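# Breakdown of the fold
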Amino acid sequence: MEKILNYIDGAFEAPCSDQYLDNYDPSIGKVYSLIPDSDERDVNKAVDAATRAFPAWSTLPAQERSNILQKLADLIDRDLDKLALAESVDNGKPVSLARRLDIPRASANIRFFATAILHTSTETHITDAEAINYTTHAPIGVAGCISPWNLPLYLFSWKIAPALAAGCTVVGKPSELTPMTAFLFSKLCVEAGLPKGVLNIVHGLGAKAGQAIAEHPGVAAISFTGGTVTGKKIAATAAPMFKKLSLELGGKNPNIIFADCDFENAVATSIQSSFANQGEICLCGSRIFVERPLYEKFVEAFVKKTKALVLGDPLLNETNLGALVSAAHKQKVMSYIQTAKQEGGKILTGGNAVNPTGRCAEGYFIEPTIITGLNEHCRTNQEEIFGPVVTIMPFDTEAEAIALANSTPYGLSATLWTENLKRAHRVSAAVKSGILWVNCWLFRDLRTPFGGMKQSGVGREGGWHALKFFLEVKNICIKL
Ligand code: NDP
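Residues numbered from 1 in each chain as written. Predicted model: local features only at pLDDT ≥ 70, side-chain atom pairs only at ≥ 80, totals over all residues. Heavy atoms only, no water.

Next up on the list: the domain arrangement of the protein. Assigned domains of the protein: these are domain 1 (2–249 + 456–479) and domain 2 (254–445). The contact between domain 1 and domain 2 buries some 2300 Å² in all, and 56% of this surface belongs to carbon and sulfur atoms. Scanning the region where domain 1 abuts domain 2 turns up zero salt bridges. Counting every contact that joins domain 1 to domain 2 gives eight residue pairs in polar contact (both at pLDDT 80 or more). Broken down by secondary-structure element, the contributors of at least two residues to the side of domain 1 that touches domain 2 are strand 4 (20–25), helix 3 (80–91) and helix 4 (95–116). With five residues, helix 4 is the single largest residue contributor to the side of domain 1 that touches domain 2. For the side of domain 1 that touches domain 2, a count of residues per class yields twelve nonpolar, ten polar and six charged. (Domains from an automatic or database assignment. Buried area = accessible area lost by both parts, 1.4 Å probe. Salt bridge = Lys/Arg side-chain N within 4 Å of Asp/Glu carboxyl O. Polar contact = N/O pair within 3.5 Å; in protein donor to acceptor, adjacent residues only side chain to side chain. Helix = DSSP H or I, 4+ residues; strand = E, 2+ residues; numbered from the N terminus. Nonpolar A, V, L, I, M, F, W, Y, C, P; charged D, E, K, R; others polar.)

Shown next, in the form of structure tokens:
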């Protein structure tokens, strides 16, 4: 069985413990590879390597860093099919989605930051005729980058690309549930000529390997994407050490549909924003609010389109929804469906775990599920489910829609459907989310700030925000 290895100081290494964890293919419910069960000894080696590599990498001319990173992006494009297949097998997502979204975004992330560093500028402040101030931005040191399982290479690259481009060296930890594409990526780093120690990838459990990264005094900054509970733990560890922290956490995003919307577009895109990647995207709109005059018509069309979605083998091109990432996650999502029923929710479609016939009979599949009849305060509408489950609720006024949208502790993203431009501006300003999409969803421009309010996170990624996170700012004042 294939053994994944850590990538430390430019070499592939077994974990110090010599212990491995099972890695499952969730579409068949079977172990198909082994993951290093790394601990703080592996993290120490990785931080040492990153520390040694830092002086040379951080002072390499931007063009040379850019050339290596662009080569890496080209290699991802070259291996698109191989990486997409690996992502699908590891995560359970449809291979067509991995080919269309995950892997192209990974190379786009790297290319974006690799070229951004060629176009930086800095500020100068002239203080009357007395002094001149100029500001420098220097890479902060060794960065810890910890990423989740839902968009494995997409989110891993979204973190390490700005860090490496900025001149930091990195110790990264992908989710233990989906380590494969990060492993394949580490092989591409060698091929691209990334100097040893610049990127180190330690595989293993979050509570062990991840926690060791957060705790290590040699790691100056932590960029984390994952659940809010884990984010709190990392903040509790890293904040007293005065580490720089970027936290991209969970969401419970509203999808607000006004009666004057472009109906066909709103329905079709809401299918995507509800069920893409089995609903395992932090930006999915899991609470749909529909203005009452449109409510019945929307529900009817939405249920009809949901029933037409194809659930099953992720390797088939016609599949719309694949498997959930793990047996434990499947159980968690099913328990929320149970909770919704206990709370008085009505299941309009779905609600069941499924065992497709053939190859995927033991996989972790759940039907796309639509629930009505719940209020905004119940657990189903307050807690992140992170699966193919949405609720629909009617509203009567714009003020009510805003109050419903803002009624959770989260504030990551929101989607808004209206043809009324003034209303679009008003509601966008009032909804407490870091990202607002009007008449679209997941339409991304990598230059824009990305991140959440309230319990959805601290800080912003994207564009200069991401690069600046990995840079230390210094002002130099020269008296004239
Ligand atoms: P987790 O918080 O469970 O894990 C995220 C990462 O942190 C994993 O690599 C995990 O390792 C690691 N980890 C776990 N415990 C610790 C610890 N104590 N110290 C350091 N690292 C640790 O999230 P999931 O992987 O379950 O991802 C789903 C969550 O991510 C959802 O809540 C989702 O909303 C959120 N998310 C947010 C996004 C955003 O941009 N705001 C984007 C995508 C997802 P391991 O898996 O090995 O335990």
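Let's pick the thread back up.
Take unusual backbone geometry next. Not every positive phi belongs to a glycine, and Leu442 is a case in point at roughly 55 degrees. Its place among the elements puts Leu442 in the loop between strand 22 (435–438) and strand 23 (453–454). One non-glycine residue with positive phi stands out, namely Lys454, at about 50 degrees. Tracing the backbone through its elements, the reader meets Lys454 in strand 23.

The next point concerns the site of the ligand. Taken together, 31 residues sit near the ligand, with Trp149, Thr230, Leu249, Cys282 and Glu384 positioned nearest. Trp149 has a polar side-chain atom sitting 2.8 Å from an oxygen atom of the ligand. For the ligand, an oxygen atom lies 3.2 Å from a polar atom in the backbone of Gly206. The fraction of the free accessible surface of the ligand (890 Å²) that becomes covered by protein chains is 89%. Taken atom by atom, the bulk of the ligand overlaps the largest pocket. Elements represented by at least two residues in the shell around the ligand include exactly helix 7 (206–215), strand 11 (221–225) and helix 8 (228–238). Here the residues of the shell around the ligand sort into 14 nonpolar, 13 polar and four charged. (Near = heavy atom within 4 Å. Areas by Shrake-Rupley, 256 points an atom, 1.4 Å probe, with all protein chains shown as cover. 1 Å grid on protein atoms, 1.4 Å probe; cavity = no way out; pocket = protein on both sides within 12 Å on 5 of 7 lines; lining within 4 Å. Sits in = over half its atoms within 2 Å of the grid points.)

Right, let's get into the sheet that holds strand 5 (residues 30–36). The mixed open sheet is built from three strands, whose spatial order is 1-5-4. Sheet topology places strand 1 (2–3) and strand 4 at the edges, where each strand pairs with a single neighbour. Note: strand 4 against strand 5, six bridges, orientation antiparallel. Across the sheet, the residue bridging to Tyr24 is Val31, located in strand 5. (Pairing = 2+ DSSP bridges.)

Scanning the model with the defined rule gives five cavities of 30 Å³ or more in all. For the largest cavity, the calculated volume is near 110 Å³. Around the largest cavity, the lining comprises 17 residues; the ones closest to its centre are Gly251, Gly279, Cys284, Ser286 and Phe386. Where the lining of the largest cavity is concerned, the elements lending two or more residues are helix 9 (263–275) and strand 19 (389–395). Each residue belonging to the lining of the largest cavity can be placed in one class, and the counts come to seven nonpolar, eight polar and two charged. As for the second largest cavity, its lining consists of Leu101, Arg105, Leu151, Tyr154, Leu155, Trp158, Ile281, Cys282, Leu283, Leu442, Arg444 and Phe450. Residue assignment for the lining of the second largest cavity shows that the elements contributing at least two residues are helix 4 and helix 5 (152–166). (Points joined across faces, edges and corners; volume = space filled by probe spheres on them.)

Quick look at the pattern of salt bridges now. Across all of its chains, the model carries 19 salt bridges by this definition. The salt bridge involving Arg78 is made with Glu191; its shortest N-O contact spans 2.6 Å. Of this pair, Arg78 sits in helix 2 (residues 62–78) while Glu191 sits in helix 6 (residues 180–192); the two residues are 113 residues apart in sequence, bridging distant segments of the chain. Assessed through its relative accessible area of 40%, Glu191 is described here as partly exposed. Residues Glu130 and Lys479 are paired through a salt bridge, measuring 3.8 Å at the closest nitrogen-oxygen approach. A residue pair is termed long-range when its members are at least 10 positions apart, and Glu130 in the loop between strand 6 (124–127) and strand 7 (131–139) and Lys479 in strand 25 (residues 471–479) qualify at 349 residues. Judged by relative accessible area, Glu130 falls into the partly exposed class, the value being 43%. (Buried < 20%, exposed > 50% of the residue type's maximum accessible area, 1.4 Å probe, protein only.)

With numbering aligned to this structure, UniProt lists the feature "active site" (unreviewed entry) at Glu248. Of note, Glu248 is situated in strand 12 (residues 244–248). Apart from the residues lying within four places of it in its own chain, the contact partners of Glu248 are Phe224, Thr225, Gly226, Phe450, Gly451, Gly452, Ser456, Gly459, Arg460 and Glu461. (UniProt positions renumbered as here; feature names shortened; annotations may be inferred. Contact = heavy atoms within 4.5 Å.)

This brings us to the pairing of strand 13 (residues 254–257). Along a regular strand, successive side chains alternate from one face of the sheet to the other. The two faces of strand 13 match: Pro254 and Ile256 on one face and Asn255 and Ile257 on the other face are all buried. Direction of pairing for strand 13 relative to strand 14 (residues 287–291): parallel, over a ladder of four bridges. Paired with Pro254 across the two strands is Arg287, which belongs to strand 14. Taken together, strand 13, helix 9 and strand 14 constitute a β-α-β crossover, and its handedness is right-handed. As defined by bridge partners, strand 13 adjoins strand 21 (residues 413–417) across three bridges and the pair is classed as parallel. Its bridge partner lying in strand 21, Ile257 is registered against Trp417. (Right-handed = clockwise from strand over helix to strand, strands pointing away.)

Now for the pairing of strand 11. The buried count for strand 11 comes to five of five residues, which makes it a mostly enclosed element. Burial of strand 11 is two-sided: the residues Ala221, Ser223 and Thr225 facing one way and the residues Ile222 and Phe224 facing the other way are all buried. Pairing geometry for strand 8 (residues 142–146) and strand 11, over four bridges, is parallel. Paired with Cys145 across the bridge in strand 11 is Ser223. Bridge count for strand 11 against strand 12 is five bridges, and the pairing is parallel. Each residue of the ladder has a partner; that of Ala221, found in strand 12, is Lys244. A crossover links strand 11 with its parallel partner strand 12, the connecting element being helix 8, and its sense is right-handed.

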